[in-house]
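Topology and contacts: notes
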Amino acid sequence: MEISKNLFTCFISLFFSLVGKDQLPFSAAGKWEPWEDRYPFIREASSFSSSSSSSNNGNNIKTYDYIIVGGGTAGCPLAATLSQKFSVLLLERGGVPFANANVSFMQNFHIALADTSPSSASQYFLSTDGVFNSRARVLGGGTCINAGFYTRAGPSYIKKAGWDSKLVNESYPWIEKQIVHKPNLAPWQRAVRDSLLEIGISPFNGFTYDHIYGTKVGGTIFDRFGRRHTAAELLASANPKKLDVLVHATVQKIDFDTSGKKPRAVGVIFKDENGNQHKAFLSKRKGSEIIVSSGAIGSPHILMLSGIGPKAELEKLNIPVVLDNKFVGQGMSDNPLNTIFVPTNRHVEQSLIQTVGITKEGVYIEASSGFGQSGDSIRCNHGVASAEIGQLSTIPPKQRTFEAIEAYRRSKKNIPHELFRGGFILEKIATPLSRGNISLVTTNADDNPSITFNYFSHPRDLKRCVDGIRIVEKIAKSKHFTNYTQCDKETLDKLLNMSVQANVNLIPKHTNNTQSLEQFCKDTVITIWHYHGGCHVGKVIAPDYRVLGVHRLRVIDGSTFEESPGTNPQATVMMMGRYMGVKILRERLGRAAGL
């Protein structure tokens with residue numbers, strides 16, 4: 001709680017100066033519009049009642065054709081699409097993003113990640129690898145707390161996934177027309193772009209959503225005013241008469257009828273913001289389904305809490321076994337990220353990822369800038385964009401304790417402010433071969449499961465990281481960064497002498513030493529939040545995303561991915577929600593789907 005108190009003290013004035021009004025969405029005409037007017041179907045979970053005079057089952061109990069568990073990156077476009085023809089209930093454990101300045105403004109990106117309070121849009125967790133992580137806890141999911149970069153998956157990924165390319169190419173634009181923008185390229189991003197080309201990561205492919213080898217500028221969900229547009233805004237395309245969205249609705253488990261040959265999903269049990277329990281019922285009409293879209297961590301977690309998973313693990317926590325499936329929660333992966341901080345001799349404009357280098361070495365090069373500490377905020381925690389939580393730390397991951405963080409925060413007020421002025425160059429492993437797992441710790445849905453990614457356990461991942469760090473060093477030394485990094489000798493000596501204490505400027509000094517670089521990769525690994533796996537096709541779900549061994553249950557989100565799509569997955573996860581919504585409607589209605 002200490003971190004969140006300091007955070008509140010540091011930024012409460014900024015919050016009110018930025019927000020002004022407590023309603024942030026804009027109408028199509030660009031005017032202020034209260035979110036309640038635009039999304040009248042969103043309400044608190046405590047308002048839910050399972051009784052309805054207009055129910056379709058004759059016993060006064062309201063039922064839904066689709067119940068979607070998780071109002072995130074995939075869940076929102078999926079709900080909006082299915083509601084065109086059928087009744088949909090969307091359950092989200094977090095609140096709305098619209099009146100949250102930490103979500104809505106780019107300059108507050110790092111603050112949302114630093115906020116560890118129970119009401120934060122991001123939920124902190126520490127993987128067993130010792131790496132600090134955040135998972136979304138807000139309507140709109142990861143699109144509310146990510147760096148905003150929007151880029152599609154490549155054709156080979158689409159083919160491997162078995163998707164209909166025509167429908168895929170219709171579904172991406174549906175997203176892009178509503179919330180995606182062309183970025184105004186920041187100076188730091190231009191320097192990275194030019195440096196990438198200078199060191200041979202070519203050709204330059206200009207501005208494009210496509211995944212192509214070389215250097216490019218991608219899309220962003222931040223508009224030209226720095227306002228974030230999330231997957232929650234895709235709900236504006238829903239049929240408001242057929243959609244109910246409940247926020248602060250934490251699903252405890254899926255309820256099954258086990259009297260038949262196969263378990264049949266019949267409803268979900270969830271808790272509201274006051275801790276009261278409710279049950280939502282699925283319609284008995286043929287084709288009605290519960291769809292889990294809670295993300296790579298949330299979806300396998302929900303399945304296990306509901307009794308679908310490894311039998312021995314479920315029995316340890318006295319969870320009644322609905323279906324024994326040893327693959328639930330297995331094959332988890334995260335794309336390991338390592339960064340180098342480049343200190344500068346001037347103020348740097350804030351920017352999140354806009355430029356990317358797609359290399360044939362199997363690494364992606366990206367950048368951000370301007371989120372370091374300043375004289376006014378030197379004592380504040382800045383989330384994943386801070387030295388104190390390990391992004392630039394020389395402390396091995398498993399030693400990154402809260403005590404170590406606090407010790408660093410106390411000492412850094414004596415560190416020269418110049419040390420924190422600059423930008424990051426990031427390198428991410430494209431398709432990691434290292435695999436981990438999720439396992440239950442408690443039966444409380446609010447608690448994080450135990451999560452292991454096993455970063456760099458596969459030697460090929462470590463080799464690619466070494467290749468990536470060498471690329472990053474070349475960029476940092478390129479002529480396009482000289483204007484940023486030219487310092488007088490006194491300042492440069494101060495930066496270098498303080499670097500060990502400050503945990504910044506970790507450019508490896510001996511790049512001819514592969515062993516040294518391998519250790520650097522292991523010691524400074526962090527996450528870029530591209531978690532995937534846990535509900536793989538052929539092991540947990542069928543190719544149509546129906547859960548194997550049970551009726552009326554699907555999983556549609558990144559937990560089904562073998563690899564993270566493109567350089568950054570949010571575009572494809574949103575596309576997947578739209579794609580599967582249309583596909584389900586067409587399969588159920590044929591031409592009557594009208595989409």
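Residues numbered from 1 in each chain as written. Predicted model: local features only at pLDDT ≥ 70, side-chain atom pairs only at ≥ 80, totals over all residues. Heavy atoms only, no water.

**Re the overall build of the chain**
- When its secondary structure is counted, the chain shows 16 helices and 26 strands.
- For the chain, the proportion of its 595 residues judged to be buried stands at 60%.
- Expressed as a percentage of contacts within the chain between residues at least 6 apart in sequence, the contacts between residues at least 24 apart total 73%.
- Taken as a whole, the chain presents about 23,400 Å² of accessible surface, with 50% of it coming from carbon and sulfur. (Helix = DSSP H or I, 4+ residues; strand = E, 2+ residues; numbered from the N terminus. Buried < 20%, exposed > 50% of the residue type's maximum accessible area, 1.4 Å probe, protein only. Contact = heavy atoms within 4.5 Å. Areas by Shrake-Rupley, 256 points an atom, 1.4 Å probe, with all protein chains shown as cover.)

**Focus on the sheet that holds strand β20 (residues 355-358)**
- Overall, mixed pairing links the seven strands, which are arranged β8-β9-β20-β21-β22-β19-β25 in an open sheet. With one partner strand each, in any of the chains shown, β8 (204-207) and β25 (526-527) form the two edges of the open sheet.
- Of the pairings in the sheet, the one linking β20 to strand β21 (residues 363-369) comprises two bridges and is antiparallel in character. Counted as the bridge partner of G357 is I365 from β21.
- Of the strands in this sheet, β19 (336-343), β21 and β22 (422-429) touch helix α12 (residues 459-476), which is tilted by about 150° from β22. (Pairing = 2+ DSSP bridges. Axes fitted to C-alpha atoms, helices over the stretch in contact; angles between N-to-C directions.)

**As for the packing of helix α3 (residues 75-82) against helix α16 (residues 570-589)**
- Between α3 and α16, the least distance of the axes is 7 Å, while the angle of their chain directions is 25°. Accordingly, the angle class assigned to the pair α3 and α16 is roughly parallel. Crossing of α3 over α16 shows right-handed handedness. Seen from α3, the contacting residues are P77, L78, T81 and L82; seen from α16, they are M574, G577, R578, M580, G581, V582, I584 and L585. (Parallel < 35°, antiparallel > 145°, perpendicular 65-115°, else oblique. Left-handed = near helix turned anticlockwise from the far one by under 90°.)

**Digging into the state of the cysteines**
- Summed over the entire model, instances satisfying the criterion amount to one disulfide.
- In this structure C76 is a free cysteine whose sulfur lies 7.9 Å from that of C144, the closest cysteine sulfur available.
- The class for C76 is buried, based on a relative accessible area of 0%.
- What makes C144 buried here is its relative accessible area of 1%. (Disulfide = S-S within 2.5 Å.)

**Notes on the side chain of T81**
- Along the chain, the position of T81 falls in helix α3.
- For T81, a relative accessible area of 0% puts it in the buried group.
- Aside from chain neighbours lying at most four places away, what touches T81 is W174, R578, G581, V582, L585 and L595.

**Quick look at the sheet that holds strand β13 (residues 264-271)**
- Within the open sheet, the four strands sit side by side as β2-β14-β13-β12. Their pairing is mixed. A strand with exactly one partner marks an edge of an open sheet, and here the two such strands are β2 (63-64) and β12 (250-257).

**As for the environment of N276**
- Summarising the element assignment, N276 is placed in the loop between β13 and β14 (277-282).
- Along the chain, N276 and A45 lie 231 residues apart, while their C-alpha atoms are 9.3 Å from each other.
- Those residues in contact with N276 that sit more than four places away from it in its chain are F270 and K271.

**Brief notes about the confidence of the model for the chain**
- Of the residues in the chain, 79% have a pLDDT of 70 or more, and the chain-wide mean is 84.
- Note on residues 387-393: pLDDT is under 50 here. Beyond four places in sequence and across chains, it has 41 contacts.
- Contacts for the low-pLDDT stretch residues 492-509, under 50 throughout, to residues beyond four places or in other chains number 45 contacts. (pLDDT = per-residue confidence, 0-100.)

**Regarding α12**
- The end-to-end C-alpha distance of α12 is 26 Å, a good match for the 26 Å that 18 residues give at a rise of 1.5 Å each.
- Those residues of α12 lying buried are D461, L462, R464, C465, V466, G468, I469, I471, V472, E473, I475 and A476. (Expected span 1.5 Å × (residues − 1).)

**Points about the pattern of salt bridges**
- Here the structure, examined in full by the defined rule, presents 17 salt bridges.
- Of the charged contacts in the structure, one is a salt bridge between D446 and K271, with a shortest N-O distance of 2.5 Å. In this pair, D446 sits in the loop between β23 (436-439) and β24 (450-452) while K271 sits in strand β13, placing the two residues 175 residues apart along the sequence.
- Relative accessible area serves as the criterion here: at 30%, D446 is assigned to the partly exposed category.
- Among the ionic pairs, R546 bridges to D544, the shortest N-O distance being 2.7 Å.
- Classification of D544 as partly exposed rests on a relative accessible area of 27%.
- Look at the salt bridges and you will find they share partners, linking E289, D544, R546 and R554 into a network. (Salt bridge = Lys/Arg side-chain N within 4 Å of Asp/Glu carboxyl O.)

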